[in-house]
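# Observations on chain architecture
Residue-level listing of the chains:
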Amino acid sequence: MRVVRKLVAGAMIAGAASVIGVLGAGSANAVAVTPLPGGVQVDLNHGDTQWVHQSHIGQAISGLPHPSASSFGKALDAASGLSSQFPDGRVVFTVYGPFDQLNGTMLALQ
């Protein structure tokens, strides 16, 4: 049962990354979601970066029962908070790996 919970939580983190990635699909500056070998890269535009910061999505992700959830959620909140202070600030992150061993990178851009 423990393995199933880890897999479900990993799927939720990867799913959250994908959902965040498609939020801006209706706008002219849509969020870019790029499939990578073994993962995905999500490039949030400025509006979506501000939305992620204001809605504290990272805190919700941090509460998931997965080893990667806490660090991913905290990094997402910190990066979106920093980037949203700049006129064109945005966040770019990647998520790699099997669901039970997710890893990646996160950048706060101005």
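Residues numbered from 1 in each chain as written. Predicted model: local features only at pLDDT ≥ 70, side-chain atom pairs only at ≥ 80, totals over all residues. Heavy atoms only, no water.

Here we take up the confidence of the model for the protein chain. Keep in mind that low pLDDT regions are not for reading the predicted coordinates in detail. Put simply, the protein chain has an average pLDDT of 79, and 73% of its residues get 70 or more. Highest mean pLDDT in the protein chain belongs to helix H4 (residues 69-83) (93); lowest belongs to helix H1 (residues 2-22) (52). Low confidence marks residues 21-26, where pLDDT is under 50. Its contacts with residues over four positions away, or in another chain, come to 10 contacts. (pLDDT = per-residue confidence, 0-100. Helix = DSSP H or I, 4+ residues; strand = E, 2+ residues; numbered from the N terminus. Contact = heavy atoms within 4.5 Å.)

Right, let's talk about the pattern of salt bridges for a bit. Within this structure, the stated rule accounts for 1 salt bridge. A salt bridge links Asp43 to Arg90; its shortest N-O distance comes to 2.5 Å. Pair noted here: Asp43 is in strand S2 (residues 39-43) and Arg90 is in strand S3 (residues 90-96), with a separation of 47 residues, a long-range link. (Salt bridge = Lys/Arg side-chain N within 4 Å of Asp/Glu carboxyl O.)

Here we come to the sheet that holds strand S4 (residues 103-109). Taken in spatial order, the 4 strands make up an open sheet running S1-S2-S3-S4, and their pairing is antiparallel. Since the sheet does not close on itself, it has two edges, and those belong to strand S1 (32-36) and S4, each with one partner. When the angles between neighbouring strand axes are averaged without regard to direction, this sheet yields 10°. Sheet topology note: the S2/S3 ladder contains 5 bridges and is antiparallel. Paired with Asp43 across the bridge in S3 is Val92. (Pairing = 2+ DSSP bridges. Axes fitted to C-alpha atoms, helices over the stretch in contact; angles between N-to-C directions.)

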